[in-house]
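Structure assessment
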Amino acid sequence: MCAEFDVTPRTLRFYEYKELLQPRREGQKRLFTKRDKARLKLILRGKRFGFSLDEIRELLDLYYVGDQQATQLARTYERALLRMKAMREQRAELDVAIDDLQRNLDMVSQMLEQRGVKAAAE
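Nothing here was measured: the structure is a model prediction, and the numbers come from that model.

Quick look at helix α2 (residues 9-17) now. Taken together, the buried positions of α2 are L12, Y15 and E16. The arc enclosing the buried residues of α2, seen along the axis, measures out at 105°, which places them on a common side. More than 90 degrees from the buried face of α2, the exposed residues found are R10 and Y17. Of the residues trailing α2, E19 is marked for its positive phi of about 65°.

On to the packing of helix α4 (residues 53-61) against helix α5 (residues 70-114). The N-to-C vectors of α4 and α5 enclose an angle of 155°; their axes lie 8 Å apart at closest approach. Between α4 and α5, the crossing angle belongs to the class labelled roughly antiparallel. Contact residues: E55, E58, L59 and L60 in α4; Q72, R75, T76 and R79 in α5. Looking at the contact of α4 with α5 residue by residue, the classes come out as 2 nonpolar, 2 polar and 4 charged.

As a further point, take the environment of R45. With respect to the helices and strands, R45 occurs in helix α3 (residues 34-48). What makes R45 partly exposed here is its relative accessible area of 36%. Taking C-alpha positions, R45 is 18 Å from T33, a pair spaced 12 residues apart along the chain.

Thresholds, definitions, all that
Residues numbered from 1 in each chain as written. Predicted model: local features only at pLDDT ≥ 70, side-chain atom pairs only at ≥ 80, totals over all residues. Heavy atoms only, no water. Buried < 20%, exposed > 50% of the residue type's maximum accessible area, 1.4 Å probe, protein only. Helix = DSSP H or I, 4+ residues; strand = E, 2+ residues; numbered from the N terminus. Arc of directions from axis to C-beta. Axes fitted to C-alpha atoms, helices over the stretch in contact; angles between N-to-C directions. Parallel < 35°, antiparallel > 145°, perpendicular 65-115°, else oblique. Contact = heavy atoms within 4.5 Å. Nonpolar A, V, L, I, M, F, W, Y, C, P; charged D, E, K, R; others polar.

Written out as structure tokens, the structure is:
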């Protein structure tokens, strides 16, 4: 599991502790099922998109509502729309900060050149 998903054993144990994964146990060994692998894939995707573990757990637990995943899909879609909006706002803020930083770098580079000092390469 660790190699397949590029996670540490500690990560898997943490997700198990948080009740996101429920592997079978044989002594100290953890045996992960296809269901666990599918859940881990969704957990990692959710983390990459910025969802909290509580949000991910809530969405995963909706699988068991018994309405052929309609509630799970609808709630996931709603949360994803909100997350997309937040990510776009963050990107806009980053674009402004990057432009501001670039202007400052250009200004300092010119000041260094005026003093005969070569600025470090980007």
